[in-house]
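Chain by chain, the residues:
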Amino acid sequence: MSKVDIAFIHAPTVYDFRKKSIFYGPVSDVVPSSPVFEMYPIGFMTISTHLEAAGFKTRIVNLAVKMLQSKNFNAEKYIEKLEAKVYAIDLHWMPHCHGAIEVAKLVKKHHPNSIVEIGGFSSSYFYKELIVTPWIDMVMCGDSTEIPHVKMMQDLDKGQNFSAVPNLVWKDSEGHIHVNKMSFIPENLDWLQFDYGTMIKCTIRNMDISGAIPWLNWDKLPLTSVFTVRGCSHNCAECGGSHDASRKFLFRQKPAFRSPEDLADDVISAQNYLNAPTFVIGDLRQGGRDYAERFFKSVKNNLRNHIAMEIFQPAGNEFFRMANHYLDGNYSMEFSPDSHDEIVRFAMGKMYDNASIEKTITTAFSNGCKRFDLFYMTGLPLQTKESAMNSVKTAGKLWNIVKKSDNLYIYSAPLAPFIDPGSRIFENPEKWGYKFFARTLEDHRNLLDNPSWKYTLSYETKWMTRDDIVDVSYNAALELTKIALQTERVDQETYKTRIDRTNTARNIMVKIDNILKYKDEGTRNLKLQEVKEDGEKMMMSTVCNKKDLDWDTRSIWRNAPHVAIGLFKSILSHSK
């Protein structure tokens, strides 16, 4: 492999997941990736874009995807051959805390004279615990580290120390720890370079498509993403990216928005390379009353690809009328009220009633929305077993208030495996009725090294134990499937498949519970290996059908002419 200046490495949840007997359960049923959480953060792409523009060679290595694609892939040998000055490993989401640390150890083992960096939301929270380990040389903190990364690489090239690099925690040659000021907290995102072309060009240069794809099977069903904001104006109790968490641990006093015109350019840029849906991250309405309309107007005449958007609160006729008018109905919506129970929802900081949810759904479909995804969760504050079950029973009413032809998808999944560090619940669990089994980074790492998702859960509540959360998750899945059949949302064959999968998953859980009763460790491990294959068959979908999350799109191979034209246009624009 040719040497690069900086290699961005994304690790699996548990580094040696292919050897261990781990029953993941439904922890990733409502996200595109598998339970290995192989989806790397979009920041890899934006940081890479800024570094490449500054003259540095970068490489994105999705180690998790490579490990999923082949049981024979030797991750350690790959790391040994990977040459870079800096190895940047993301610990953005807590489910990667086992894999990220183990990969850092391997990098330092094989490249002792190179720099091992770690960064992301979770890294920013646990930077003190991370920097004292012998295999991590620096932690890049904050939610906007593109410019700090450029400064860090420039100072490295000049042989200077890193005292002038904002947001950086680092060790000097004698092992002394330095904590630089968190001074790069931009007030807007208009400076940000966002270019899928850079990722494609780097992939071609490095001749490693599997290492660069964002998650498993992305090459077959690609989806692009753009983001409206860093930080948030909302304060959901369980969210580590909420306003309160951003203020306390990322020192962001207010959200930083991408201008709607630049956001529109990002969407157009993405579609120049791929004929694939684009997901707009962040509620467009957070940026102010006219933000959404400015964005819609800016993309109107050039939009070809489907747009998927999310809302954090109910939306009315004005918003959906604009979406329908400017996007020609070429859009979908995602909404996470989390519970039908208004008491539970209010406790989480989501202050809207059920009538508003119903009105949002019907208004969306009456204004051309192509599909609407609605998400319920289990394991919330004040949520009892009965309350959680009643949430999925509400699905029948929601399906009946729209047409049979309206693509309303309703999901129910556990709030798993962890509560976000930095969230209001994590910081004050007693107030919210939570008991935690993990507080430190090492606690969370140890939880991930368990044979089933029940024992990985980092919490239980006053209203539901770990066992209750697991049981209700499976019961809710069965009830939701039953209602889907009754309302003709699924056919008999699909109904039977989902019921069988959920019951099989529950049976595997019971088997593991019984195996763990064996006192002899050797016997336990042998018995766990016997159920390993059954658990692996359930990885991709357990209580939900992950295929429901797929949008209609074309593989990157069928997009090849599109990509070539996009790269040609990019070269022309940069040569002017």
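Scroll up for the structure.
Residues numbered from 1 in each chain as written. Predicted model: local features only at pLDDT ≥ 70, side-chain atom pairs only at ≥ 80, totals over all residues. Heavy atoms only, no water.

(A) Here's a closer look at the sheet that holds strand E8 (residues 224–227). Read from one edge to the other, the open sheet built from 6 strands follows the order E8-E11-E12-E13-E14-E15, with strand pairing classed as parallel. The outermost strands of the open sheet, each flanked by one partner alone, are E8 and strand E15 (407–414). Each adjacent strand pair in this sheet contributes to an overall mean axis angle of 20 degrees, direction not counted. In the packing of helix H13 (residues 317–327) onto the sheet, contacts are made with strand E12 (307–311) and strand E13 (331–338), and the angle to E13 comes to roughly 155 degrees. (Pairing = 2+ DSSP bridges. Helix = DSSP H or I, 4+ residues; strand = E, 2+ residues; numbered from the N terminus. Axes fitted to C-alpha atoms, helices over the stretch in contact; angles between N-to-C directions. Contact = heavy atoms within 4.5 Å.)

(B) Spatial organisation of the nonpolar core. One finds Leu-63, Phe-296, Met-309 and Phe-372 to be the most contacted residues of the largest nonpolar core, which totals 168 residues. Contacts of Leu-63, omitting those with residues within four sequence positions, involve Ile-9, His-10, Phe-73, Ala-75, Tyr-78, Ile-79 and Val-103. (Core = buried A, V, L, I, M, F, W, Y, C linked by side-chain atoms within 4.5 Å. Buried < 20%, exposed > 50% of the residue type's maximum accessible area, 1.4 Å probe, protein only.)

(C) Focus on the environment of Asn-217. Checked against the element boundaries, Asn-217 lands in the loop between helix H9 (209–212) and E8. On the basis of relative accessible area, Asn-217 is assigned to the partly exposed category, the value being 34%. The spatial distance from the C-alpha of Asn-217 to the C-alpha of Gln-69 is 9.4 Å, given a sequence separation of 148 residues.

(D) Spotlight on the environment of Val-4. Tracing the chain through its elements places Val-4 in strand E1 (residues 4–10). Residue Val-4 is classed as buried on the basis of its relative accessible area, which comes to 3%. Sequence spacing of Val-4 and Ile-177 is 173 residues, and the spatial spacing of their C-alpha atoms is 26 Å. For Val-4, the contacting residues outside a window of four places in its chain are Lys-57, Thr-58, Arg-59, Glu-83, Ala-84, Lys-85 and Asn-206.

(E) Layout of the sheet that holds strand E5 (residues 138–140). Pairing in this open sheet of 7 strands is mixed, and the strands run E2-E1-E3-E4-E5-E6-E7 from one edge to the other. Looking along the sheet, the strands with just one partner apiece sit at the ends: strand E2 (58–62) and strand E7 (177–179). Averaged over all pairs of adjacent strands, the angle between their axes in this sheet comes to 20 degrees, without regard to strand direction. Sheet topology places E5 next to strand E6 (residues 168–171); 3 bridges connect them, and they run antiparallel.

(F) Main features of the packing of aromatic side chains. Evaluation of the coordinates by the stated rule reveals 21 aromatic pairs. Relative to Phe-44, the ring of Tyr-40 has its centre 5.3 Å away and its plane inclined at 25 degrees; by these criteria the two rings are stacked. There is no split in this pair, since Tyr-40 and Phe-44 are both buried. Considering the side-chain rings of Phe-375 and Tyr-411, the 5.0 Å spacing of their centres and the 15 degrees angle between planes classify their relative orientation as stacked. A residue pair is termed long-range when its members are at least 10 positions apart, and Phe-375 in strand E14 (residues 371–378) and Tyr-411 in strand E15 qualify at 36 residues. Stacked on the ring of Tyr-409, the Lys or Arg Arg-371 has its end atom at 4.5 Å from the ring centre. The residue whose ring lies beneath Arg-466 is Phe-437, and the NZ or CZ to ring-centre distance is 3.9 Å. (Phe/Tyr/Trp six-rings, centres within 6.5 Å; stacked < 30°, edge-to-face > 60°. Lys NZ or Arg CZ within 6 Å of the ring centre and 35° of its normal.)

(G) Quick peek at the pairing of strand E4 (residues 115–119). Most of E4 is tucked away: 5 of the 5 residues are buried. Residues Ile-115, Glu-117 and Gly-119 point to one face of E4 and Val-116 and Ile-118 to the other, with burial holding for every one of them. Judged from the 5 bridges that link them, strand E3 (residues 84–90) and E4 form a sheet pairing that is parallel. Bridge assignment links Ala-88 to a residue of E4, and that residue is Glu-117. Following the backbone out of E3, through helix H4 (residues 97–110) and into the adjacent parallel E4, one traces a crossover that is right-handed. Summarising the sheet, E4 and E5 pair through 3 bridges and their orientation is parallel. Paired with Glu-117 across the bridge in E5 is Met-138. (Right-handed = clockwise from strand over helix to strand, strands pointing away.)

(H) Structural context of the packing of H4 against helix H19 (residues 441–448). The contact between H4 and H19 brings their axes to 8 Å, and the two run at 100 degrees. Considering their axes alone, H4 and H19 lie roughly perpendicular with respect to each other. Together, Cys-97, His-98, Ile-101, Glu-102 and Lys-105 of H4 and Leu-441, His-444, Arg-445 and Leu-448 of H19 make up the contact between the two elements. Grouping the amino acids of the contact of H4 with H19 by side-chain chemistry returns 4 nonpolar, 2 polar and 3 charged. (Parallel < 35°, antiparallel > 145°, perpendicular 65-115°, else oblique. Nonpolar A, V, L, I, M, F, W, Y, C, P; charged D, E, K, R; others polar.)

(I) Seen up close, the side chain of Ser-246. With respect to the element layout, Ser-246 can be found in helix H10 (residues 243–249). In this structure Ser-246 touches Gly-231, Gly-241, Phe-251 and Arg-252, once residues within four positions along its chain are discounted.

(J) Here's a closer look at unusual backbone geometry. In this structure, Asn-167 takes a positive phi of about 75 degrees despite not being glycine. For Asn-167, the location among the structural elements is in the loop between helix H7 (146–158) and E6. If you check the backbone angles, Glu-488 has positive phi at about 60 degrees while not being a glycine. Overall, Glu-488 belongs to the exposed group, its relative accessible area being 59%.

(K) The side chain of Asp-5, seen in detail. With respect to the helices and strands, the residue Asp-5 is situated in strand E1. The exposure class assigned to Asp-5 is buried, which follows from its relative accessible area of 12%. Looking at Asp-5, its side chain comes within polar contact range of the main-chain nitrogen of Lys-57, at 2.7 Å. Setting aside residues no more than four positions away along its own chain, Asp-5 makes contact with Gly-55, Phe-56, Lys-57, Ala-84, Lys-85, Val-86 and Met-153. (Polar contact = N/O pair within 3.5 Å; in protein donor to acceptor, adjacent residues only side chain to side chain.)

(L) Quick peek at helix H21 (residues 466–486). Its 21 residues place the ends of H21 30 Å apart at the C-alpha level, agreeing with the 30 Å of an ideal helix rising 1.5 Å per residue. Among the 21 residues in H21, 15 count as buried, and that is most of the element. Just beyond H21, the residue with positive phi is Glu-488, at close to 60 degrees. (Expected span 1.5 Å × (residues − 1).)

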